[in-house]
Amino acid sequence: HAEGGAYESVGRLGPNFGSSSALFLPLAAWLAFGARFYSSFSRTTFKPEVKNRVMFSLLWPVLVLTSSKFRKEFWKALTNRQNDVDKS
């Protein structure tokens, strides 16, 4: 029984590690794109209010999927960021 229990716990360890890695990558992407959009928010045509900036930065995945205007502004903010740095 002791050996069977040890093998079972090792068998369960693999899938749990894989699923946590699968959750880490989307979370990291969500945070990275959200932070980048937050810092580039002034390049959009949205009202420059803190509430909008925070809410849009947190909800960007849903908004990109559901709103063509947001999608356009989101990518404009992210892609124009490098151009603005080069002009300085």
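Residues numbered from 1 in each chain as written. Predicted model: local features only at pLDDT ≥ 70, side-chain atom pairs only at ≥ 80, totals over all residues. Heavy atoms only, no water.

Visitor: Just to check I follow, could you spell out a nonpolar patch on the surface for this structure?
Guide: A contiguous nonpolar surface patch, about 520 Å² in accessible area, is contributed by Tyr-38, Val-50, Val-54, Met-55, Leu-58 and Leu-59. As for its placement among the helices and strands, Leu-58 is situated in helix H2 (residues 50–66). Judged by its relative accessible area of 47%, Leu-58 is partly exposed. (Patch = residues over 30% accessible without salt bridge, like charges linked within 9 Å, V, L, I, M, F, W, Y side chains within 5 Å. Areas by Shrake-Rupley, 256 points an atom, 1.4 Å probe, with all protein chains shown as cover. Salt bridge = Lys/Arg side-chain N within 4 Å of Asp/Glu carboxyl O. Helix = DSSP H or I, 4+ residues; strand = E, 2+ residues; numbered from the N terminus. Buried < 20%, exposed > 50% of the residue type's maximum accessible area, 1.4 Å probe, protein only.)

Visitor: Just checking my understanding: could you explain the packing of aromatic side chains for this structure?
Guide: The tally for this structure, following the rule as stated, stands at 13 aromatic pairs. Measuring from ring centre to ring centre gives 6.3 Å for Phe-33 and Trp-75, while their planes differ by 80°; the resulting arrangement is edge-to-face. Here Phe-33, found in helix H1 (residues 2–39), pairs with Trp-75, found in helix H3 (residues 68–87); they are 42 residues apart in sequence, far enough to count as distant. Judged by its relative accessible area of 31%, Phe-33 is partly exposed. Members of the aromatic cluster, connected to one another through ring pairs, are Phe-33, Phe-37, Phe-41, Phe-46, Phe-56, Trp-60, Phe-70, Phe-74 and Trp-75. (Phe/Tyr/Trp six-rings, centres within 6.5 Å; stacked < 30°, edge-to-face > 60°.)

Visitor: Which parts of the structure should I look at to understand the confidence of the model for the chain?
Guide: In regions of low pLDDT, the predicted coordinates are not meant to be interpreted in detail. Averaged over every residue, the pLDDT of the chain is 80; the share at 70 or more is 69%. Per-element confidence in the chain is highest for H2, whose mean pLDDT is 96, and lowest for H1, whose mean pLDDT is 73. (pLDDT = per-residue confidence, 0-100.)

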